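What follows is the residue order along each chain.
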Amino acid sequence: MGGVALFFRLVLASLKGQALYPTSAVLATLAQFLVTGIEVVAIWALFDRFGTVQGWALGEVALFYGLVNVMFAIADALGRGFDVLGTEFLRTGAFDRLLLRPRTLPLQLMGHDLRMSRLGRLAQGLMVLAYATAQAGIAWTPAHVGLALFAIAGGVALFLGILVLQGTLAFWTVESLEVANMFTYGGVEAGQYPITLYARWFRRLLTFGVPLACVAYYPAVAILGRADPLGAPAWIGWLSPLAGFVFLALSFLAWGHGVRRYTSAGS
Amino acid sequence: MLQYRTAALAGFATQCWWGGIKVMVLAAFYGGAAASAPAGSLPMTLAHAVTYTWLAQGLLALLPWGSDPEVAQAVRTGSVAYDRLRPVDAYALWYARSAGWIAARVLPRLALMVAFAGVALPLAGWGQWGWQPPADLAAALVFVLSAVLALLLSTALVMLLNVAATAALNERGINAFATPLVVVLSGNLLPLPLLPESWQTALLLQPLAGLMDIPMRLYAGRLAGWPAAGGLALQAGWTIALVALGRLAMSRTMRRLEVQGG
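Residues numbered from 1 in each chain as written. Chains lettered and ligands numbered in written order. Predicted model: local features only at pLDDT ≥ 70, side-chain atom pairs only at ≥ 80, totals over all residues. Heavy atoms only, no water.

## Things to note about the overall build of chain A
So, step 1. Scanning chain A from terminus to terminus reveals 14 helices and zero strands.
So, step 2. Traced from its N-terminal end to its C-terminal end, chain A shows the element sequence α-α-α-α-α-α-α-α-α-α-α-α-α-α.
So, step 3. For 267 residues, the compact-globule formula gives about 18 Å, and the C-alpha radius of gyration of chain A, at 19 Å, lands near that figure.
So, step 4. With the principal axes as the frame, chain A shows a C-alpha extent of 60 × 40 × 35 Å.
So, step 5. Here chain A, with 267 residues, has 55% of them falling under the buried criterion.
So, step 6. Look at the contacts in chain A between residues 6 or more apart in sequence, and 80% of them connect residues 24 or more apart.
So, step 7. Looking at chain A as shown, the accessible area adds up to about 11,500 Å², and 69% of this sits on carbon and sulfur atoms.
So, step 8. Taking the average place of the 17 positive charges on the side chains of chain A and the average place of its 12 negative ones, the gap between the two points comes to 8 Å. (Helix = DSSP H or I, 4+ residues; strand = E, 2+ residues; numbered from the N terminus. Rg over C-alpha atoms; globule rule 2.2 N^0.38 Å. Buried < 20%, exposed > 50% of the residue type's maximum accessible area, 1.4 Å probe, protein only. Contact = heavy atoms within 4.5 Å. Areas by Shrake-Rupley, 256 points an atom, 1.4 Å probe, with all protein chains shown as cover. Lys, Arg positive; Asp, Glu negative; His and termini not counted. Charge placed at Lys NZ, Arg CZ, Asp CG, Glu CD.)

So, in structure tokens, the structure goes:
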């Protein structure tokens, strides 16, 4: 059985486990839907009060918001094993068991505890995307659908890369540090608006450091058919999601370094 | 929290980061409004909204996010029985413990946030994005009073969550549904005055405004004189009402609570 087959088995086992308590799973999903949905209230209220922001309308901003939330919902479901690496694997010694298995380590972690409740954020993101379509009059040509899927895949890779880095950091700190939240939850918060709103140093960080703008902003501008206020050529959005995959590859390089450094606590 | 310095600093850095994003977004919205809307048509200035945001970040730990983890654990392990046997009022005991728990988490973070947004940002030349001082001395004094009331109010709400967690023997579900309400209605998500005009009366009168919004209005001098007294009375009134409700709910829950032996 290959690593990928094992991954699907783990996912299935995880989902089956949650299905044993259906009420709990449904309530957790509903709670996720509510908790992640409150950001919509803030955005809506700001547009209700101010009308537009730097020429962006609510429907257009909804596209950014929807894309980022869909990306993060999927990455968060897949990356939970990296998120809790410090507390659930390193401190307990359970990590040694994973290392002993002759299967790909990252796939074992990705299959760990795939939460149904992440559907709450996903559903919310998809609903906002539907709203954006109606409000901003987005014509979903096959090319645009393809670009959106490419951007989402790149975004999932990017957020997963951040979670992998968070896990890597745990090899040094043993604790799962809140600091990664700056780029996971903070990335979702920042990515739900067009980056033109931010100061220049922050835009650069979101483009070249943690390339959130490459997976969300530039593709969304291309889908909306708008000229980029920052002056980037139109074709950028069709290529930039690749940055997410590059980020993930680099994260795994750091991860490999961390794994080689790992010495068991022996417990 | 002082034992886990790295974790606390990491949490603090996240709060600054988060505040920074919110401030930039608000500044962008206000920047557009300055061109289109006439001055004075907005319920609060950008400087006020920015200060509100930093205070909200500093007071994050004050909000009644969920039940006291110690109480939840006591219920699960059965050590709640000891609390029942003590010759003191169980509600008062838990209330005092929760208030202390909240205050101990809020004060260091609030001090750090003032140092960051009130001192470091202006020194770095980003004064317009920093935490502004209170309107005047009277506003500052009344704010301190209001902040204490906010702590008492928050504790009363945590006590209700404690009782709910005791009744359900599990705190997770209750906390999950309490969070979105608290975030929106306290003004943590967005300053309450920026929410739609038609909601304003209801927003001001509901109990969660006393957690952050009323102290902030007092701080900025938006409530002064008799309205300021009204704001404080609102906070005190809700606290008393929620404490009474909490006591009633607790005595009913405790009578039904079964502690397993062992």
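Having put the structure on the table, let's press on.
## As for the environment of Tyr 217 of chain A
All names here are of chain A.
So, step 1. Assignment of secondary structure puts Tyr 217 in helix H12 (residues 212-224).
So, step 2. Residue class for Tyr 217 comes out buried when judged on its relative accessible area of 1%.
So, step 3. Considered as a pair, Tyr 217 and Thr 207 are 10 residues apart in the sequence and their alpha carbons are 9.3 Å apart.
So, step 4. Leave out the neighbours within four places in its chain, and Tyr 217 touches Trp 56, Phe 64, Pro 194, Ile 195, Thr 196, Leu 212, Asp 228, Pro 229 and Leu 230.
So, step 5. Reaching out from Tyr 217, the side chain makes a polar contact with the side chain of Asp 228 at a distance of 2.5 Å. (Polar contact = N/O pair within 3.5 Å; in protein donor to acceptor, adjacent residues only side chain to side chain.)

## Side note on the side chain of Arg 80 of chain A
Residues and elements named next belong to chain A.
So, step 1. Examined against the element boundaries, Arg 80 turns out to sit in helix H4 (residues 80-83).
So, step 2. Since its relative accessible area comes to 16%, Arg 80 is described here as buried.
So, step 3. Within the structure, Arg 80 has its side chain in polar contact with the side chain of Asp 113 (distance 3.0 Å).

## Overview of a nonpolar patch on the surface
Residues and elements named next belong to chain A.
So, step 1. On the surface, Trp 235, Trp 238, Leu 239, Leu 242 and Phe 245 cluster together into a nonpolar patch covering about 520 Å² of accessible area.
So, step 2. Of all elements in the fold, only helix H13 (236-239) and helix H14 (242-261) reach the threshold of two or more residues within the nonpolar patch.
So, step 3. Structurally, the position occupied by Leu 239 is in helix H13.
So, step 4. Of the residues examined, Leu 239 reaches a relative accessible area of 47% and is grouped as partly exposed. (Patch = residues over 30% accessible without salt bridge, like charges linked within 9 Å, V, L, I, M, F, W, Y side chains within 5 Å. Salt bridge = Lys/Arg side-chain N within 4 Å of Asp/Glu carboxyl O.)

## Brief notes about the packing of aromatic side chains
So, step 1. For the structure on display, the rule yields 27 aromatic pairs over all chains.
So, step 2. Between Trp 201 of chain A and Trp 126 of chain B the ring centres are 6.4 Å apart and the planes differ by 15°, which places this aromatic pair in the stacked class. Of this pair, Trp 201 of chain A sits in helix H11 (residues 200-209) while Trp 126 of chain B sits in the loop between helix H5 (90-123) and helix H6 (137-168), which puts the two residues in different chains.
So, step 3. Classification of Trp 201 of chain A by relative accessible area gives partly exposed; the value is 43%.
So, step 4. Here a set of aromatic residues connected by ring pairs shows up, and it is made of Phe 183, Tyr 198, Trp 201 and Phe 202 of chain A together with Trp 17 and Trp 126 of chain B.
So, step 5. Between Arg 226 of chain A and the ring centre of Trp 56 of chain A, over which it is positioned, the NZ or CZ distance is 4.0 Å.
So, step 6. Here the guanidinium or amino end of Arg 105 of chain B rests over the ring plane of Trp 101 of chain B, the centre of that ring lying 4.7 Å away. (Phe/Tyr/Trp six-rings, centres within 6.5 Å; stacked < 30°, edge-to-face > 60°. Lys NZ or Arg CZ within 6 Å of the ring centre and 35° of its normal.)

## Some remarks on the confidence of the model for chain B
So, step 1. On average, residues of chain B carry a pLDDT of 87, and 93% of them reach 70 or more.
So, step 2. Interface confidence for the predicted complex, given as ipTM, is 0.89, next to a pTM of 0.88. (pLDDT = per-residue confidence, 0-100.)

## Here's the deal with the pattern of salt bridges
Side chains that differ in charge, positive against negative, can pair when their charged atoms come close.
Residue and element names in this part refer to chain A.
So, step 1. The tally for this structure, following the rule as stated, stands at seven salt bridges over all chains.
So, step 2. With its nearest N and O atoms 2.8 Å apart, the salt bridge here joins Asp 113 to Arg 115.
So, step 3. Assessed through its relative accessible area of 18%, Asp 113 is described here as buried.
So, step 4. Look at Arg 115 and you get partly exposed, because its relative accessible area is 29%.
So, step 5. Each member of the salt-bridge network shares a partner with another, and the members are Arg 80, Asp 113 and Arg 115.

## Details of the nonpolar core
So, step 1. Phe 95, Tyr 198 and Trp 255 of chain A are the most contacted members of the largest nonpolar core, which totals 127 residues.
So, step 2. Tyr 198 of chain A has contacts with Glu 189, Ala 190, Tyr 193, Arg 203 and Leu 206 of chain A together with Ile 21, Met 24 and Val 25 of chain B, leaving out every residue within four places of it along the chain.
So, step 3. Counting 20 residues, the second largest nonpolar core, distinct from the first, contains Ala 74, Val 75, Val 80 and Val 182 of chain B. (Core = buried A, V, L, I, M, F, W, Y, C linked by side-chain atoms within 4.5 Å.)

## Considerations on the packing of helix H2 (residues 22-50) of chain A against helix H3 (residues 58-78) of chain A
Residues and elements named next belong to chain A.
So, step 1. Running from N to C, H2 and H3 point in directions that differ by 155°, and their axes come no closer than 11 Å. Here H2 is positioned roughly antiparallel relative to H3, judged by the angle of their axes. For H2 against H3, the interelement crossing comes out right-handed. Taken together, the residues of H3 that come into contact with H2 (itself represented by Thr 36, Glu 39, Val 40, Ile 43, Trp 44 and Phe 47) are Leu 58, Val 61 and Tyr 65.
So, step 2. Residue classes in the contact of H2 with H3 are distributed as seven nonpolar, one polar and one charged. (Axes fitted to C-alpha atoms, helices over the stretch in contact; angles between N-to-C directions. Parallel < 35°, antiparallel > 145°, perpendicular 65-115°, else oblique. Left-handed = near helix turned anticlockwise from the far one by under 90°. Nonpolar A, V, L, I, M, F, W, Y, C, P; charged D, E, K, R; others polar.)

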